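The primary structure of each chain is shown beneath.
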Amino acid sequence: MKKIILMMALIGAVSLGSSTVYGQAQKYLNVGGLGTGLYASIEFPVSSVISIAPQFSTDYNFDRFVISGKGNFYFDNIFELPEAWDVYAGINLGWRLETNNDGFSWGAQIGGRWFWSDKWGINAEFGGGSGVLGGVGVTMKM
């Protein structure tokens, strides 16, 4: 039953991501693999340097699910990075569902992206805590 509820939540998050957002930054769809599982998130800009995102992650056995929200601060302007690069750090809060260990999840992450085209890029994100742990994947500008 938990797996059905989590899949419905993921579908809802993707549907939310298809709505129009007005801001200076782009919306990003991130998907990839963790050392122990898979993740997907959709980032929404709230300013030119801050984004928020619902994120869903699971292990490869589908025994552990984390639904969280995360916020990132972008350092692109501070480091005077080329447009093809993003560097950020942030925090995440959510809920973890796993066998005999459901509960609040939290953490922090650092990451970056490099876009090889106007629409596609590669992302790497690493973190700690009980929530989003990061990984390597693909980013699509929406």
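Computed from a predicted model, the values in this text were never measured in an experiment.

Caption draft 1: Looking closely at the sheet that holds strand β5 (residues 85-98). Taken in spatial order, the 8 strands close into a barrel running β1-β2-β3-β4-β5-β6-β7-β8, and their pairing is antiparallel. With strand direction ignored, the average angle separating the axes of adjacent strands in the sheet is 25°. When strand β4 (residues 64-74) meets β5, the two strands line up antiparallel, connected through 11 bridges. Residue pairing across strands places Val66 opposite Arg96, the latter belonging to β5.

Caption draft 2: Seen up close, empty space enclosed by the protein. The final tally for this structure, using the stated rule, is 2 cavities of 30 Å³ or more. Reported here for the largest cavity is a volume of approximately 70 Å³. What lines the largest cavity is simply Asn30, Tyr39, Ser41, Glu43, Gln55, Lys70, Tyr88, Arg113, Asn123, Glu125 and Gly134. For the lining of the largest cavity, the secondary structure elements donating two or more residues are β2 (37-45) and β7 (120-129). It is β2 that provides the largest number of residues to the lining of the largest cavity, a total of 3 residues. By residue class, the composition of the lining of the largest cavity is 2 nonpolar, 5 polar and 4 charged.

Caption draft 3: Fine view of the packing of aromatic side chains. According to the stated counting rule, one finds 6 aromatic pairs in the structure shown. Seen in terms of ring centroids, Tyr28 and Phe115 are 5.6 Å apart; in terms of plane orientation they differ by 25°. Their pairing is stacked. You can see Tyr28 sitting in strand β1 (residues 28-33) and its partner Phe115 sitting in strand β6 (residues 103-115), a full 87 residues away along the chain. Take Tyr28 and Phe115: they sit in the same class, and that class is buried. Measuring from centroid to centroid gives 5.3 Å for Tyr74 and Tyr88, while their planes differ by 50°, and the two rings are tilted. Linking Tyr74 in strand β4 with Tyr88 in strand β5, this pair joins segments that are 14 residues apart in sequence. Judged by relative accessible area, Tyr74 falls into the buried class, the value being 8%.

Caption draft 4: The side chain of Gln109, seen in detail. The topology assignment puts Gln109 in strand β6. For Gln109, a relative accessible area of 2% corresponds to the buried category. Side-chain polar atoms of Gln109 contact the side chain of Asn72, separated by 2.8 Å. Polar side-chain contacts of Gln109 include one of 3.5 Å to the backbone oxygen of Ile91.

Cut-off values and rules
- Residues numbered from 1 in each chain as written.
- Predicted model: local features only at pLDDT ≥ 70, side-chain atom pairs only at ≥ 80, totals over all residues.
- Heavy atoms only, no water.
- Pairing = 2+ DSSP bridges.
- Helix = DSSP H or I, 4+ residues; strand = E, 2+ residues; numbered from the N terminus.
- Axes fitted to C-alpha atoms, helices over the stretch in contact; angles between N-to-C directions.
- 1 Å grid on protein atoms, 1.4 Å probe; cavity = no way out; pocket = protein on both sides within 12 Å on 5 of 7 lines; lining within 4 Å.
- Points joined across faces, edges and corners; volume = space filled by probe spheres on them.
- Nonpolar A, V, L, I, M, F, W, Y, C, P; charged D, E, K, R; others polar.
- Phe/Tyr/Trp six-rings, centres within 6.5 Å; stacked < 30°, edge-to-face > 60°.
- Buried < 20%, exposed > 50% of the residue type's maximum accessible area, 1.4 Å probe, protein only.
- Polar contact = N/O pair within 3.5 Å; in protein donor to acceptor, adjacent residues only side chain to side chain.

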